[in-house]
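# Topology and contacts: notes
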Amino acid sequence: MNITLRVWRQKGRDDEGRMVTYKLTDVSPDMSFLEMLDVLNEKLTLENEDPVAFDHDCREGICGACGVVIDGEAHGPERTTTCQLHMRSFKDGDTITVEPWRAKAFPVVKDLVVDRSSFDRIIQAGGYISAPTGTAPDAHANPIPKPDADRAFDAATCIGCGACVAACPNASSMLFTASKVTHLGMLPQGQPERASRVVRMINQQDEEDFGGCTNIGECAAVCPKGIPLDTISQLNRDLLGSLGKGIG
Amino acid sequence: MATSGAILVLYLIAHMYGNLKVFSGQEAFDGYAHSLRELGYPMLPENGFLWVFRIVLLASVLIHIYSAVALWARARRARPASQRYQVKKRVHRTYASYTMRWGGVLIALFVIFHILHLTVNVIAPGGASDSPYERLVNGFQPQFWFVTLFYVAAVVAVGFHLRHGIWSGLATLGVNQARRQPVLNSIATVIALVVTVGFVLPPLAITFGLVG
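Once that is clear, we can look at the overall build of chain B. A count of helices and strands for chain B gives 8 helices and 0 strands. Across its three principal directions, the C-alpha atoms of chain B cover 55 × 45 × 35 Å. A total of 212 residues make up chain B; the buried ones form 38% of that total. Across chain B, contacts joining residues at least 24 apart in sequence account for 66% of those joining residues at least 6 apart. Between the mean site of the 17 positive side-chain charges and the mean site of the 6 negative ones, chain B shows a separation of 38 Å.

Here it is in structure tokens:
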């Protein structure tokens, strides 16, 4: 396959970025998108040019480190992470545009790498439980209804990649925050902090300058883990409950 | 946004019901309009109910606009102009959700015109009148087809606004659950369609000479 790439290049946080075009020949359709970028970087290195910086770690679709906007879609045309996207999803001769996640809360560090520590601070604000440590409790010490366990588990699959923010027309992190609120709120261990958690996480999210949610649904449509949109409604319900109790 | 929107949706349905009285003739329509002024009388002063209603509506409109501007400003801050995508694809978003903001501006402008036209009657195509029925019939005569056209366009914009707004409002109020999602979306579509058709019928009927 012959591919033309338009890639966002930006030297550092405070530098101006621009799109740069590269041509790649002999791309195998079995390569993953990141392997294709590896090939590009080998070529750039041999030509004494600066390779394109991009985030990646497990390359198995479970860590959430990778993620770029490909032809205007977060993680590209397949509903998976960028590392699990393969070149067979493209056609020979395609021009592919590659951009970083774009949000004020995700400043570009270099090229396609963005700083997502704003997500960490949202988690620090309330995405935890206060549980005593020690040996693992008995498996049946705490019975949890199956539907609740399923819902918590579905929400817990969020890997914090940031595609929801990248895709949202408002650059809102609502789906991310909502997945954490739903995950912990469905389980008995999450109850002691349930009312304060949602308020703290929302406040932190506002402080990080994420946008507001208008229920458009782009986030859930691009989420590689299929976090359902109704987690946002769960968050809103928890928030209404907290505000009703005077917390917040 | 959701609460003020809900008040406005309920008002629209009541307003549509009143409009459809035009098909029962001048007496029914004017009688209905007059009865709104006397609702609650003598418990309330004359026009009392109407003014309470107007104040609640105005407050809802202002809160709705304030929330919309605040959300818009936050979205601008969250993704400033310097961070726009070069290529952005719509994956899921509907036309209705895409046009919420500009559609809202169009609706606001229309509401101002609409009040000047049919409530205050300062703008009076076809002649002013004390009878609400005559104002309506005069204003939508065939030679004022452009008034009808603007009205229909605005009502269609309201329809799109409701289609996304009702769904979004319900989600914000915490009603959305995965298995309820198709039902909520159907409710939004049905109300949007009913309101659009209900509002478009009277002016079209007048313009095409079926009423008046």
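Let us keep going from here.
Moving on, we come to the environment of Met201 of chain A. Residues and elements named next belong to chain A. When you line up the elements, Met201 lands in helix H6 (residues 194-207). Sequence-wise, Met201 and Gly162 are 39 residues apart; in three dimensions their C-alpha atoms are separated by 16 Å. Ignoring any residue separated from it by four or fewer positions in sequence, one finds Met201 in contact with Ile122, Ile123, Ala125, Gly126, Gly127, Thr177, Lys180 and Val181.

This next bit is on helix H1 (residues 2-20) of chain B. All names here are of chain B. Between its first and last C-alpha, H1 extends 27 Å over 19 residues, near the 27 Å set by a 1.5 Å rise per residue. Those residues of H1 not exposed but buried are Ala2, Ser4, Gly5, Leu8, Val9, Leu12, Met16, Gly18 and Asn19. Those residues of H1 hidden inside the fold are in contact with helix H2 (26-38), helix H3 (48-78), helix H7 (145-172) and helix H8 (181-207).

Next up on the list: a nonpolar patch on the surface. Residues and elements named next belong to chain B. A cluster of nonpolar residues, Trp102, Val105, Leu109, Val111, Ile112, Ile115, Leu116, Val120, Val122 and Ile123, forms a patch on the protein surface that exposes about 940 Å² of accessible area. Relative to the elements of secondary structure, Ile123 occurs in the loop between helix H5 (100-119) and helix H6 (132-139). Overall, Ile123 belongs to the partly exposed group, its relative accessible area being 34%.

With 70 residues, the main nonpolar core has Trp101, Phe106 and Val165 of chain A together with Leu162 of chain B as its most contacted residues. Counting residues per element, this core draws most heavily on H7 of chain B, which supplies 9 residues. For this core, the domains that each give at least three residues are domain 1 (3-109) and domain 2 (116-131 + 138-244) of chain A. Those residues in contact with Leu162 of chain B that lie beyond four places of it in its chain are Val9, Leu12, Trp167, Ala188, Ala192 and Val195 of chain B. Listed in part, the 29 residues of the second largest apolar core include Leu5, Val20, Phe90 and Ile96 of chain A.

What follows is about the interface of chain B and chain A. Across the contact, 33 residues belong to chain B and 42 residues belong to chain A. Both faces considered, chain B and chain A share a buried interface measuring about 3100 Å² in area, 46% of it formed by carbon and sulfur atoms. Viewed at the interface, chain A and chain B are joined by 3 salt bridges. A salt bridge links Asp206 of chain A to Arg74 of chain B; its shortest N-O distance comes to 2.8 Å. Linking chain B with chain A are 32 residue pairs in polar contact (both at pLDDT 80 or more), by the criterion used here. Mapped onto the side of chain B that touches chain A, the elements with two or more residues apiece are H3 and H7 of chain B. Considering every element that reaches the side of chain B that touches chain A, the biggest residue donor is H7 of chain B, with 6 residues. Along the lines of polarity and charge, the residues of the side of chain B that touches chain A split into 13 nonpolar, 11 polar and 9 charged.

Here the focus is the domain arrangement of chain A. Interfaces are often sized by the accessible area lost when the parts come together. All names here are of chain A. Split by domain assignment, chain A resolves into domain 1 (3-109) and domain 2 (116-131 + 138-244). Placing the centre of domain 1 and that of domain 2 at their C-alpha centroids yields a distance of 28 Å. For the pair domain 1 and domain 2, the summed buried area comes to about 1400 Å², and 60% of that belongs to carbon and sulfur atoms. In this structure, the connection of domain 1 to domain 2 is made through 2 salt bridges. Here Arg116 makes a salt bridge to Asp55, at a shortest N to O gap of 3.3 Å. Between the two partners, domain 1 and domain 2, sit 8 residue pairs in polar contact (both at pLDDT 80 or more). Among the residues making up the side of domain 1 that touches domain 2, the classes are represented as 10 nonpolar, 5 polar and 3 charged.

This part covers the packing of H1 of chain B against H8 of chain B. Residue and element names in this part refer to chain B. In contact at an axis separation of 9 Å, H1 and H8 are set at 35 degrees when each is read in the N-to-C sense. Of the two elements, H1 crosses H8, and the hand of that crossing is left-handed. The residues of H8 that touch H1, namely those facing Val9, Leu12, Ile13, His15, Met16, Asn19 and Leu20, are Ile191, Val194, Val195, Gly198, Phe199 and Pro202. Tallied by class, the residues present in the contact of H1 with H8 amount to 10 nonpolar, 3 polar and no charged.

About the criteria used
Residues numbered from 1 in each chain as written. Chains lettered and ligands numbered in written order. Predicted model: local features only at pLDDT ≥ 70, side-chain atom pairs only at ≥ 80, totals over all residues. Heavy atoms only, no water. Helix = DSSP H or I, 4+ residues; strand = E, 2+ residues; numbered from the N terminus. Buried < 20%, exposed > 50% of the residue type's maximum accessible area, 1.4 Å probe, protein only. Contact = heavy atoms within 4.5 Å. Lys, Arg positive; Asp, Glu negative; His and termini not counted. Charge placed at Lys NZ, Arg CZ, Asp CG, Glu CD. Expected span 1.5 Å × (residues − 1). Patch = residues over 30% accessible without salt bridge, like charges linked within 9 Å, V, L, I, M, F, W, Y side chains within 5 Å. Areas by Shrake-Rupley, 256 points an atom, 1.4 Å probe, with all protein chains shown as cover. Salt bridge = Lys/Arg side-chain N within 4 Å of Asp/Glu carboxyl O. Core = buried A, V, L, I, M, F, W, Y, C linked by side-chain atoms within 4.5 Å. Domains from an automatic or database assignment. Buried area = accessible area lost by both parts, 1.4 Å probe. Polar contact = N/O pair within 3.5 Å; in protein donor to acceptor, adjacent residues only side chain to side chain. Nonpolar A, V, L, I, M, F, W, Y, C, P; charged D, E, K, R; others polar. Axes fitted to C-alpha atoms, helices over the stretch in contact; angles between N-to-C directions. Left-handed = near helix turned anticlockwise from the far one by under 90°.

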